[in-house]
Amino acid sequence: MIFEGKAHKFGDDINTDYIISGKYKFKSLDFNEMAKHLLEDIYPNFYEKITKGDILVAGKNFGCGSSREQAPLVIKHAGISAVLAKSFARIFFRNSINVGLPVLECNTDLIEDGDLIYLDLIKGEIYNKSKNIKVEIFSPLPEIMVKILKEGGLVEYLKKEGDFKL
Amino acid sequence: MGKTISEKIFSNHSGNSVKAGDIVVAKVDALMGQDGTAPLAIKVFEELGGKMTIDNNKVLLVLDHSAPPPNEGVANLHKLMRDFAEKYRTQLSEIGEGVCHQVFMERGLALPGSLIIGADSHTCTYGVLNCFATGVGSSELASAMYTGKLWFKVPETVKIILRGKLRKGITAKDVILYLVGFFKADGLTYKAIEFDGELIRELSIDGRATITNMVVEMGAKAGIMPFDEKTKGFFREIGIDIEEGISSDKDANFSEVYDFDLSNLEPQVALPHQVDNVFPISSVDRIKIQEAFLGTCTNGRLEDLRVSAELLKGKKVAKGVRMIVAPASKKIYLQALKEGLIEIFLSAGAIVVNPGCGPCVGTHQGVPADGENVISTANRNFKGRMGNNKAFIYLASPLTVTASAIRGEITNPLEVMD
């Protein structure tokens, strides 16, 4: 599972309400439509700045707040291939894996907005190609999460395994 | 080595003796989804093949976040939930019955020692009843209905001991706002919290629930209260006889222990736009407010309505202020009617809306205008949270919100109390 894309850098404590506001998530299950509103309260028209495969980069506590799985789904539907942050809120972290959106905790101080990032999820390696440096990963994903990601998300994982397997 | 409450609950539910850090597959006792998260869970459940493994009586679907529906999109999602509840014979909580967490507890679904998941981040509230309850996403809710289980990392436990006696005008909400300010929004990420100490023992179940409700605001996975006579009393009132709860072993391993004496605590206020941006009220400016909101899964319980009504009795909400009151459940609403609280609210100029989450989550029933300041008993003050990203939300206790509604500016309740 290898990803390469341009970084969009955000700060600390980016909450799920910012990612997708409550006023949109209650209306429908159309995630392509919702994706147009990704992070709009703190970065108007952000959606238009995304090229498919880009990588979202943030500081600490990314995804704090609500349990809405719409948050990682909307990020994924907007064309983002992975999210890197210094730390993630617990529910968002799990939700991301479950919908097949790779998330990793790493030293994002080494990444600036616009940098080209290379990410090998299985080997657990991140490179900042623009700066030609290796980015330190704080904690690798637990094995069960890697398995779920490899299947493309929780639904595919359970369809294949029939049950949770450790 | 002894076990914490969390280690005991995960051992009991996984069939193995487990410790913090272990990854386990554990049986789930009961689960909940609300109208913001259940529709997606239903979609996922159907993709999985639509086979219900878990006891359907232990599944509660709640129409509360955007209810009654303000538009056809929501109405159609509500219909999807009703049809699902009918087909699989799960429990359903209709429009107006209340906020999911309050309804879940009133229906006796959160029992001491049980393992509960809910597709809402404030599911951690049920820890007040001495169980392990945590928020999950829609796919996990669907997977737990499908398999009866879920995988978990057994969390490390932090013990928080609270001592002292709260002064006049100080409530449980001030305690938890203080703790969120102390630990910060990510200070206890992935941890379970066990609360204890004389201050906790003195608080009612309503007050304790305000505290467990907001542990997720520090990143915690669960917040668990001790089982005592008050817990027993809660269950007796809803017709369930429970004699014993679960407690940590004396030699249990806590990752950290904190000991606070809150005898001198003053009212706390969280300033926009971060929950952990907390200050004692003496250092907060007298900011003019246009909206005051009493309600939510944090502070819409009977005790909250009682203290607010007591303060409001014979007084008026300031001109230019909208005070919105949302009882957390129909049961609470009815009791508030009986006790004359609703009459006090209406006579004072407040608006009483149906039980639900609307204003807190910004779907309807209280969206502020551009540039307006709102003081609220809710648990979040993120920019845009109440439906307008150009408004400013301050969080405070029911007493502080009421005092501020009376004066029209952020006010220490002691200034208004007799």
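What you see is a predicted model, and the numbers here were worked out from it, not measured in a lab.

> A description of the environment of Arg163(B) should follow, citing residues and the corresponding values.
Residue and element names in this part refer to chain B. Summarising the element assignment, arginine 163 is placed in strand β8 (residues 157-163). Placed 98 residues apart in sequence, arginine 163 and aspartate 261 show a C-alpha to C-alpha distance of 4.5 Å. Residues contacting arginine 163, with those up to four places away along its chain left out, are Glu198, Leu199, Asp259, Phe260, Asp261, Leu262 and Ser263. Polar side-chain contacts of arginine 163 include one of 2.8 Å to the side chain of aspartate 259.

> Tell me about the confidence of the model for chain B, residues and numbers included.
Parts of the prediction with low pLDDT should not have their coordinates interpreted in detail. Looking at chain B as a whole, the pLDDT averages 97, with 100% of positions reaching at least 70. Taken over the whole predicted complex, pTM reads 0.96, whereas the ipTM for its chain interfaces reads 0.93.

> An account of the environment of Glu256(B) is requested, with residue identities and associated values reported.
Residues and elements named next belong to chain B. Within the secondary structure layout, glutamate 256 lies in strand β11 (residues 256-261). Look at glutamate 256 and you get partly exposed, because its relative accessible area is 32%. Once the C-alpha coordinates of glutamate 256 and phenylalanine 345 are considered, the two residues, 89 residues apart in sequence, prove to be 44 Å apart. Leave out the neighbours within four places in its chain, and glutamate 256 touches Thr157, Val158, Lys159 and Lys191. A distance of 2.8 Å separates the side chain of glutamate 256 from the side chain of tyrosine 258, its partner in a polar contact.

> Which residues make up unusual backbone geometry, and what values do they have?
Residues and elements named next belong to chain B. Following alanine 67, the chain continues to proline 68 via a peptide bond in cis, the omega torsion being -10 degrees. With an omega of -5 degrees, the peptide bond between proline 272 and histidine 273 qualifies as cis. Take histidine 273: it is sitting in the loop between β12 (268-270) and β13 (278-280). Look at lysine 184: it is not a glycine, yet its phi comes out positive at around 75 degrees. Position of lysine 184 relative to the elements: it lies in the loop between α6 (172-183) and β9 (192-196). What makes lysine 184 partly exposed here is its relative accessible area of 38%. Look at tyrosine 190: it is not a glycine, yet its phi comes out positive at around 75 degrees. With respect to the helices and strands, the residue tyrosine 190 is situated in the loop between α6 and β9. Judged by relative accessible area, which is 32%, tyrosine 190 ranks as partly exposed.

> Break down the pattern of salt bridges for me, with residues and values.
Here the idea is simple: oppositely charged side chains can pair when their charged atoms come close. Scanning all chains against the criterion turns up 34 salt bridges over all chains. As a salt-bridge pair, Asp186(B) and Lys60(A) come within 3.6 Å of each other at their nearest N and O atoms. Of this pair, Asp186(B) sits in the loop between α6 and β9 while Lys60(A) sits in the loop between β2 (55-58) and α4 (70-77), each in a different chain. Its salt-bridge partner being Asp115(A), residue Lys131(A) comes within 2.9 Å of it at the nearest N-O pair. With Lys131(A) in the loop between β6 (125-128) and β7 (133-135) and Asp115(A) in the loop between β4 (103-106) and β5 (116-120), the pair connects residues that are 16 residues apart, well separated along the chain.

> Tell me about the sheet that holds β8(B), and name the residues and values.
All names here are of chain B. Taken in spatial order, the four strands make up an open sheet running β10-β9-β8-β11, and their pairing is parallel. At either margin of the open sheet sits one strand with a lone partner, and together these are β10 (222-224) and β11. Each strand axis lies, on average, 20 degrees off the axis of its neighbour in the sheet, ignoring direction. By the bridge criterion, five bridges tie β8 to β9 in an arrangement that is parallel. For threonine 157, the partnering residue across the bridge sits in β9 and is alanine 192.

Cut-off values and rules
Residues numbered from 1 in each chain as written. Chains lettered and ligands numbered in written order. Predicted model: local features only at pLDDT ≥ 70, side-chain atom pairs only at ≥ 80, totals over all residues. Heavy atoms only, no water. Helix = DSSP H or I, 4+ residues; strand = E, 2+ residues; numbered from the N terminus. Contact = heavy atoms within 4.5 Å. Polar contact = N/O pair within 3.5 Å; in protein donor to acceptor, adjacent residues only side chain to side chain. pLDDT = per-residue confidence, 0-100. Buried < 20%, exposed > 50% of the residue type's maximum accessible area, 1.4 Å probe, protein only. Salt bridge = Lys/Arg side-chain N within 4 Å of Asp/Glu carboxyl O. Pairing = 2+ DSSP bridges. Axes fitted to C-alpha atoms, helices over the stretch in contact; angles between N-to-C directions.

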